[in-house]
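# Coordinates in review
So the chains spell out like this:
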Amino acid sequence: MNLLAIETATETCSVALSVNGDVIERFRHAPRQHAELLLPWVTQLMAETGIGFASLDAIAFSRGPGSFTSLRIGIGIVQGLAWASDRPVIPVSSLAATAQAAVSEGVKYALVALDARMDEVFTGTFEANDKGLMIPVDKEKVCRPEEVQAAEQPRLFGIGNGFDRYAALQALSGGLHGILPDIWPKASSVLQLAQDWLNSNEPLSAEQAQPVYLRDNVAKKEKDR
């Protein structure tokens, strides 16, 4: 299976390409540089592997929640590539992708909290299944840091930059096995979850590539500007 993945939900951005199980990736902490980095990276990865878009089974993308602007950039590029190449798309939660990125650190239970600005975080709890893939155990939400609650799990880790930026989340440390604030969603973790998604779902059309903001009122205000 050949899959391209694009991740732009936060201040990092990344592109990954899986060709018959071999994965190559570009990743950078690059606030406000998503638009200038993504397409060159896609071109580089396709050239390195020597495959064309017609050889892709689908294009996976981080659907959010996350930054309205960076999600709009990433999904706009995904839609453009998918339309131009007549490829289907696969949506993956950015919170799940963040949790998945922590698996390589030995994390099996993750409370993810990403800074949502406006004194709020995007959050959700995830558990690794027997295939090492993170699955949600509660509903994703946006809330104030002091409203986040840690599940009663002895090896639950706090994951994401919210733990670095909000004291209320740091106060949860007594109920957590550890905190890893420098774990970010990555296109390679989007790939892992997208491949599993295909086991029980049909890929979507390009026009069905839509972001999930959770904070719908902010998205509406941005669109109206």
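This one's a predicted model, so the numbers in the text were calculated from it and none came from an experiment.

## Digging into the overall build of the protein
The helix and strand inventory of the protein stands at seven helices and 11 strands. The C-alpha radius of gyration of the protein comes to 17 Å, within 12% of the 17 Å expected for a compact globule of 225 residues. Viewed in the frame of its principal axes, the protein has a C-alpha envelope of about 50 × 45 × 30 Å. The buried share among the 225 residues of the protein stands at 50%. Long-range pairs, those at least 24 residues apart, make up 64% of the contacts in the protein between residues at least 6 apart in sequence. For the protein, the computed accessible surface area is about 10,500 Å², with 48% contributed by carbon and sulfur atoms. Of the charged side chains in the protein, 20 are positive and 27 negative; the average position of the first set lies 5 Å away from that of the second.

## A word on unusual backbone geometry
Following Gly 64, the chain continues to Pro 65 via a peptide bond in cis, the omega torsion being 5°. We note that Arg 32 has phi near 65°; this positive angle belongs to a residue other than glycine. By secondary structure assignment, the location of Arg 32 is in the loop between strand S3 (22-29) and helix H1 (34-49). Residue Arg 117 is not a glycine yet carries a positive backbone phi of 60°. Mapping Arg 117 onto the fold places it in the loop between strand S6 (109-115) and strand S7 (121-128). Given the relative accessible area of 51%, Arg 117 is considered exposed.

## With respect to the pattern of salt bridges
This model, assessed by the stated rule, comprises 10 salt bridges. A salt bridge links Glu 25 to Lys 186, with the nearest nitrogen and oxygen atoms 4.0 Å apart. With Glu 25 in strand S3 and Lys 186 in the loop between strand S11 (178-180) and helix H6 (187-197), the pair connects residues that are 161 residues apart, well separated along the chain. We note a salt bridge from Glu 146 to Arg 144, for which the minimum N-O separation is 2.8 Å. For Arg 144, a relative accessible area of 36% translates into the label partly exposed.

## As for the sheet that holds strand S5 (residues 89-93)
Here we have five strands laid out as an open sheet, ordered S3-S2-S1-S4-S5, and mixed in their pairing. Bordering the open sheet on either side are S3 and S5, each of which pairs with just one other strand. Each adjacent strand pair in this sheet contributes to an overall mean axis angle of 15°, direction not counted. Alignment of strand S1 (residues 2-7) against strand S4 (residues 58-64), held across four bridges, turns out to be parallel. Bridge pairing in S4 places Leu 3 opposite Ala 58. Sitting on the sheet, helix H2 (residues 68-85) touches S1, S4 and S5, and the angle it makes with S4 is about 160°. Lying on the sheet, helix H3 (residues 94-101) is in contact with S1, S4 and S5; it crosses S5 at an angle near 70°.

## Quick look at H2
Between its terminal C-alpha atoms H2 stretches 26 Å, which fits the 26 Å expected from 18 residues at 1.5 Å a residue. Along H2, the positions that sit buried rather than exposed are Phe 68, Ser 70, Leu 71, Gly 74, Ile 75, Ile 77, Val 78, Gln 79, Leu 81, Ala 82 and Ser 85. Note on H2: the residue one or two positions beyond its end, Asp 86, has a positive phi of about 55°.

## Section: the pairing of S3
Bridge analysis of strand S2 (residues 12-19) against S3 gives eight bridges, and the strand direction is antiparallel. Its bridge partner lying in S3, Val 15 is registered against Arg 26. Linking S2 back to S3 in an antiparallel pair, the connection comprises two residues, with Asn 20 at a positive phi of about 55°.

## Observations concerning the confidence of the model for the protein
Put simply, the protein has an average pLDDT of 94, and 96% of its residues get 70 or more. Scored below 50 in pLDDT, residues 219-225 shows four contacts in the model against residues more than four places distant or in partner chains.

## Let's talk about the packing of H3 against H6
Packing of H3 against H6 brings their axes to within 8 Å, and their N-to-C directions diverge by 105°. It follows from the interaxial angle that H3 and H6 lie roughly perpendicular. Where H3 abuts H6, its residues Ala 96, Ala 97, Gln 100 and Ala 101 lie against Ser 189, Val 190, Gln 192 and Leu 193. The residue inventory of the contact of H3 with H6, partitioned by class, reads five nonpolar, three polar and no charged.

Conventions used here
- Every chain's residues receive numbers from 1 upward, in the order its sequence appears when written.
- Thresholds applied to this predicted model are a pLDDT of at least 70 for local features of residues and 80 or more for the giving and counting of side-chain atom pairs; totals over whole chains, interfaces and linings are not thresholded and use all residues.
- Side-chain metrics in this entry use all non-hydrogen atoms of the structure; hydrogen atoms and water are not considered.
- Strands are runs of DSSP state E lasting at least two residues, helices are runs of H or I lasting at least four, and both sets are numbered from the N terminus onward.
- Only C-alpha atoms enter the radius of gyration; for comparison, a globular chain is expected to reach 2.2 Å times N to the power 0.38, where N is the number of residues.
- The classification of residues rests on relative accessible area computed with a 1.4 Å probe and restricted to protein chains. Under 20% of the type maximum is buried, over 50% is exposed, and intermediate values are partly exposed.
- Whether two residues are in contact is decided by their heavy atoms: any pair within 4.5 Å suffices.
- What sets the accessible areas is the Shrake-Rupley method with a 1.4 Å probe; for residues, cover comes only from the shown protein chains.
- As used throughout, the charge tally considers Lys and Arg to be positive and Asp and Glu to be negative, leaving His and the chain termini uncounted.
- For charged residues, the charge sits on one atom: NZ in Lys, CZ in Arg, CG in Asp, CD in Glu.
- Criterion for a salt bridge: a side-chain nitrogen of Lys or Arg within 4 Å of a carboxyl oxygen of Asp or Glu.
- By definition, two strands form a pair when at least two bridges between them are found by DSSP.
- To obtain an axis, a line is fitted to C-alpha atoms, over the contacting stretch when the element is a helix, and the angle between two such axes runs from 0 to 180 degrees between their N-to-C directions.
- Under the convention used throughout, the expected extent of a helix is 1.5 Å for every residue step, that is, one less than its residue count.
- The predictor attaches a confidence to each residue, and that confidence, scored 0 to 100, is pLDDT.
- Working rule for angles: under 35 degrees goes down as roughly parallel, over 145 as roughly antiparallel, 65 to 115 as roughly perpendicular, anything else as oblique.
- The classification used treats Ala, Val, Leu, Ile, Met, Phe, Trp, Tyr, Cys and Pro as nonpolar, Asp, Glu, Lys and Arg as charged, and all other residues, Gly among them, as polar.

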